[in-house]
Amino acid sequence: MRGQAAYAEDRVIDQEQLVRDHAELVRRIAQHLISRLPASVQIEDLIQSGMIGLLEAARNYDPEQGASFETYAGIRIRGAMLDETRKSDWAPRSVHRKAREVAEAIRKLEHETGREVMPIEVADAMGISVDEYYKIVNDAAGCRVLSLDQPETGVTEPGDIPADGSADPFANLQDYGFKESLAKAINGLPEKERLVMSLYYDQELNLREIGAVLGVSESRACQIHGQALVRIRARMSDWVSGN
């Protein structure tokens, strides 16, 4: 009896130590995410929800699964932050609808032509101006927060979060088929779009820094990023709901 009590006490202490040791991880993730969210999102809110994710990670972490605690916690922290962001429903529904329409136009055109299509071709097919096209992809870049980390499982709007936990980021990241399709979609991007994706998601540069690397303005870097996202969405239509 004493042994069980001692084990339970040690486990609580271990959890508390994990939280203390990784509190800075929450801030780092929040600082990275805030750069791609609207000004209405406060970093303090991200940190608060991220700490909840860290606490849950400390309670549920199983070293037998193979992943390091930092890797596992990072996924849970990010997921908690993004769940909270979705619940705030900051992006107008029209942004998501227009992004889906652009992705569908790209999918159809690339299927018909067998090649990468240019923005002017997509704009013509949709009956809109190139400026309107770029506005849509810029807006898409602002609202597709976690689109590269998990497949969409019926969640078509930021507020539509499944209550059964089916959209758990850690579980979705284990989906080999999704990751394989995503890698193929990214590798098939035009060179500049692929470079922007690498700098943004792998190197964690912001759009201003990416613009400096490419020798273009921050707004142009945002256009390239948005174009890459809608092109990926078009090429992963089997995984993205609503297509």
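Because the structure is a prediction, the values reported are computed rather than measured.

1. Observations concerning the confidence of the model for the chain
Phase 1 of the analysis: Looking at the chain, pLDDT values average 76 and 71% of them are 70 or higher.
Phase 2 of the analysis: Across the chain, helix α6 (residues 119-126) holds the top mean pLDDT of 94, while helix α8 (residues 169-173) sits lowest at 44.
Phase 3 of the analysis: In the model, residues 4-11 has pLDDT below 50 throughout and makes two contacts with residues more than four positions away in sequence or in other chains.
Phase 4 of the analysis: In the predicted structure, residues 144-174 sits below a pLDDT of 50 and forms 69 contacts with residues beyond four places in sequence or in another chain.

2. As for α6
Phase 1 of the analysis: Looking at α6, one finds that the buried residues are P119, V122 and A123. All buried residues of α6 lie within an arc of 100° about the axis, which places them on one face of the element. Within α6, the exposed residues directed more than 90 degrees away from the buried face are D124 and A125.
Phase 2 of the analysis: Just beyond α6, the residue with positive phi is G127, at close to 75°.

3. Here's the deal with the pattern of salt bridges
Phase 1 of the analysis: Evaluated as defined, the whole model comprises 10 salt bridges.
Phase 2 of the analysis: Salt-bridge contacts for K98 lead to E132; the nearest nitrogen and oxygen are separated by 3.9 Å. One end of the pair, K98, is in helix α5 (residues 93-113); the other, E132, is in helix α7 (residues 130-143), with 34 residues separating them in the sequence.
Phase 3 of the analysis: A relative accessible area of 29% places K98 in the partly exposed class.
Phase 4 of the analysis: Residue E132 is classed as partly exposed on the basis of its relative accessible area, which comes to 28%.
Phase 5 of the analysis: Note that E110 is salt-bridged to R231, the shortest N-O span being 2.9 Å. Placement of the pair is E110 in helix α5 and R231 in helix α12 (residues 218-235), with a sequence separation of 121 residues. Each member of the pair E110 and R231 is classed as buried.

How each quantity is defined
Residues numbered from 1 in each chain as written. Predicted model: local features only at pLDDT ≥ 70, side-chain atom pairs only at ≥ 80, totals over all residues. Heavy atoms only, no water. pLDDT = per-residue confidence, 0-100. Helix = DSSP H or I, 4+ residues; strand = E, 2+ residues; numbered from the N terminus. Contact = heavy atoms within 4.5 Å. Buried < 20%, exposed > 50% of the residue type's maximum accessible area, 1.4 Å probe, protein only. Arc of directions from axis to C-beta. Salt bridge = Lys/Arg side-chain N within 4 Å of Asp/Glu carboxyl O.

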